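Residue-level listing of the chains:
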Amino acid sequence: MATFTRLLAIDCPVEIPCEPDGSHPSFPVRFVADGEIPFPQVIVHIPGSPLLLKGDAIQGRRTPAGTWEYGTLVPGGKISAAIPLTLQIEGCLQADIGRARGEDWIKAFREVRLVRPPATHLESQVALWAGADGKIYFGIHKHMHQPYYNTIDRNDWDGEKDQIFGSRVGNYTDFIPAAVRQYIEGGLPHAGLSTSWSGSLIEQLDRCADEELCGGRFSGWNQPLRELARARTTLGNPRIGFSAFGFFHPLMPLIPHQDIVRQIRWHRDVIRRVFGVEASRVLFPPETAFHVRMIPALVEAGVEGVIYDSIHRFRACIDYPYAGLSEGMLPPNPAEQVNPPVDDWLQLHNIWAGSRISPRLLKPEYVGYEDADGQLHRIIAVPAERYIGNEDARGGFGALQYPDVLGQVYDRLVATGGFDPIHPPFFLLHSDGDNHGGGADSYYKHNTGRLVEWLRRDPRFELTTVEDYLQRFPPDPSRLVHIEPGSWAGADNGDPQFKKWFSRYDQPYSPDLNSWAVLTAYQNQVHSLEYREPEHPALAEAIRLLLTAETSCYWYWTGQRNWDQQVTNAANLGNGLLNRAIRDMVAEGADRLGPTIFPPWVTPENPGGKCWGQGCLLDAPTRAVVHTFVADISGLKSVVLVLRLPGGEKRVAMHNYGPYPSQTGARATADYLTAELPAGAGKIRYFIEAEDQRGNVTRGTLERMYLA
């Protein structure tokens, strides 16, 4: 007799009537498999007391077609919360259950809606829901971070820092647990909250506790979070998901592969130590800054999903309806617009929304990146909705009318037939968890109470964790999409070239470019010595200084000397630790690592398209220039721009202007190089290749650009 390999069909009611108090009758469940299931079972996920139906409770028979049909009866019961019943239908591939592992269970999920008699105005508003095709799922994410305010002195502290930390005691202790308890007490089976905590914040909170800073109010600061960290959804996933993150809050699209991996691994270690749980496999990248070239490093670090700002998925569509000046960004570069067009564009009302959104694109999907060697890398991308999230960040109910605004998304999906029952809509509402309205006591407590009350009465929407959603509705790995680079709206509207971290790039001197040039040189020093002598006694502190210097905040506040100086201070101190070892390595000809290449940027951003004028858009020049920084301890022999054009590959020598002229007293800085791109070439791909004086070669990331 053949053992099954998959479930072929599942038949259960979509909805059943129930009494006002939640009492419901029994109902049948039938499922068909392509073979005999050794251990068929149905789990009815009821808040607080899941019901397991197995053994004699399930009857099975072989059909004339050779398939196997199973049936069971879910007994009547009572659920006080206005939520659907979640059914988990599953079977084991192993005939010996003692040898079965998690991956040996084939699972499917269905929901049975409990239809109560009309009772409130809100319920009458959603009476049409029973005839719709699905519901909208959403999650909430809270971001917590404080940088080191002095890169070379972790013990630096003063009254200002005491005030900054002391004003956020609740945010860093019990606000998140208070919100999640309301999810649990409200009977929301899949609800939870994801949160990102930088390692620099955690270390400083530990210090506050140990040294009784901030009046001793951080004593045992992590205990409320640690206690609730083991609370689970009905599917067994954490109610509080500590997102994967970069330890020192780096801007990941602009740092090297190995540093991305190390930042994430260091962060996993501190989450395990402080909160007693594993960090999620879903990454919240600092500043929500994402570029597909990050994917290989994220995968190596064990990340399975990455959160991004939704507008960059919309803008990557053919025929995207660019909104002009109100969007706050230039038109998308045509090279990024490779996804099929959609027809459900929606202009949100009753919140600020600078451009239209596409409800059907608000769902996790696989995104791909092809490197310079032709290897394809992929990862799940999870959207954080830009405009609804920004409004939620102002304080929840009152600032954001959830039923109205999310209802607009729902109505548009119904009107356009956009519901996909296999991959239904899901997006995050993300904000800082310790600033402004979204970080207030009222958000976590009063707002959450109103949110839970609304969700219990409105079956169109469900609050869920990312992990629960992905377990129930995994995206199709055979379908890859593209996402335009960029970050969240609060960073110069999140433009694709991350200009918030390139301030004054068009002026004779830019503090931001100076910091990138200094950092690139220091990265090469650290990586070269580590490659040659990984156990060198000075490396541990030098690496920590490097990762600290990658903190994105040191670029965010351009023009304030205290911040503009931070990267140089760390690099100079690290250079002093490594200088003798590096000199000896170069003298011995022992350098075995190629040059460090900073990710290139292009001016103008849209050659032959549009550029910024004074309160308007102007025609951009067709002549475009690629810029980069390159550094190597052995000196550079050549740096070449490799163009992949429709007619073949072309190599162009880049012009080297020498070390970037630092004004911060840097001991070492990378060379600044440029090359002109061929006007009128259309869609091209390109990368930078650099060789040092020892013959070591580095290939940069594969980029894309449209040249009108």
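Residues numbered from 1 in each chain as written. Predicted model: local features only at pLDDT ≥ 70, side-chain atom pairs only at ≥ 80, totals over all residues. Heavy atoms only, no water.

Draft legend 1. Layout of the overall build of the protein chain. Across its full length, the protein chain holds 17 helices and 33 strands. Scaling as 2.2 N^0.38, a compact globule of 708 residues should have a C-alpha radius of gyration of about 27 Å, and the protein chain matches this with 27 Å. By its C-alpha atoms, the protein chain is 80 × 65 × 60 Å across when sized along the principal axes. Taken over 708 residues, the protein chain has a buried fraction of 61%. The contacts of the protein chain with a sequence gap of at least 6 include a subset with a gap of at least 24, amounting to 74%. Positive and negative side-chain charges in the protein chain, numbering 68 and 83 respectively, have mean positions lying 2 Å apart. (Helix = DSSP H or I, 4+ residues; strand = E, 2+ residues; numbered from the N terminus. Rg over C-alpha atoms; globule rule 2.2 N^0.38 Å. Buried < 20%, exposed > 50% of the residue type's maximum accessible area, 1.4 Å probe, protein only. Contact = heavy atoms within 4.5 Å. Lys, Arg positive; Asp, Glu negative; His and termini not counted. Charge placed at Lys NZ, Arg CZ, Asp CG, Glu CD.)

Draft legend 2. Representation of the sheet that holds strand β10 (residues 85-92) in the model. Strand order in the open sheet made by the five strands is β2-β11-β10-β5-β6, with mixed pairing throughout. The sheet terminates laterally at β2 (15-17) and β6 (51-54), the two strands that pair on one side only. With strand direction ignored, the average angle separating the axes of adjacent strands in the sheet is 25 degrees. (Pairing = 2+ DSSP bridges. Axes fitted to C-alpha atoms, helices over the stretch in contact; angles between N-to-C directions.)

Draft legend 3. Structural context of the sheet that holds strand β8 (residues 68-74). Here four strands make up an open sheet; going across it, the order is β1-β4-β8-β7 and the pairing antiparallel. Across the chains shown, the open sheet's two edge strands, defined by having one partner strand only, are β1 (7-11) and β7 (58-62). Adjacent strand axes in the sheet meet at a mean angle of 15 degrees when their direction is disregarded. Where β7 meets β8, five bridges bridge the pair, whose relative direction is antiparallel. The partner of arginine 62 across the bridge, within β8, is tryptophan 68.

Draft legend 4. The pattern of salt bridges, seen in detail. Applying the stated criterion to the full structure yields 40 salt bridges. A salt bridge links glutamate 111 to arginine 472; the nearest nitrogen and oxygen atoms lie 2.0 Å apart. Placement of glutamate 111 in strand β11 (residues 105-115) and of arginine 472 in helix α12 (residues 466-472) is noted, with a sequence separation of 361 residues between them. In this structure, glutamate 111 and arginine 472 share a single accessibility class: buried. Residues arginine 293 and glutamate 703 are paired through a salt bridge, measuring 2.9 Å at the closest nitrogen-oxygen approach. Taken together, the positions of arginine 293 in the loop between β15 (282-283) and α7 (295-300) and glutamate 703 in strand β33 (residues 703-707) put the pair 410 residues apart, joining distant regions of the chain. (Salt bridge = Lys/Arg side-chain N within 4 Å of Asp/Glu carboxyl O.)

Draft legend 5. Up close: the packing of helix α14 (residues 539-549) against helix α17 (residues 566-587). Look at α14 against α17: their axes get within 9 Å of each other, and the N-to-C directions meet at 165 degrees. It follows from the interaxial angle that α14 and α17 lie roughly antiparallel. The crossing of α14 and α17 is left-handed. Contacts from Glu541, Ala542, Leu545 and Ala549 in α14 reach Val567, Ala570, Leu573, Gly574, Leu577 and Leu578 in α17. Residue classes in the contact of α14 with α17 are distributed as eight nonpolar, one polar and one charged. (Parallel < 35°, antiparallel > 145°, perpendicular 65-115°, else oblique. Left-handed = near helix turned anticlockwise from the far one by under 90°. Nonpolar A, V, L, I, M, F, W, Y, C, P; charged D, E, K, R; others polar.)

Draft legend 6. A look at unusual backbone geometry. In this model, threonine 603 is joined to proline 604 through a cis peptide bond whose omega is -10 degrees. Within the element layout of this structure, proline 604 appears in the loop between β23 (601-603) and β24 (610-612). A positive phi angle, near 70 degrees, is found at asparagine 350, a position not held by glycine. Examined against the element boundaries, asparagine 350 turns out to sit in the loop between α8 (311-314) and β17 (365-370).

Draft legend 7. Molecular detail of the state of the cysteines. According to the stated counting rule, one finds zero disulfides in the structure shown. No disulfide involves cysteine 208; its sulfur sits 4.2 Å from that of cysteine 214, the nearest cysteine. (Disulfide = S-S within 2.5 Å.)

Draft legend 8. Highlighting the confidence of the model for the protein chain. Confidence in the prediction of the protein chain, expressed as mean pLDDT, is 93, and 96% of residues score 70 or more. Scored below 50 in pLDDT, residues 119-132 makes 20 contacts in the model with residues more than four places away or belonging to other chains. (pLDDT = per-residue confidence, 0-100.)

Draft legend 9. Representation of the pairing of strand β18 (residues 376-384). The buried fraction of β18 is high, at seven of nine residues. Counted along the chain from β17 to the antiparallel partner β18, the turn is five residues long, and its residue glycine 374 has a positive phi close to 85 degrees.

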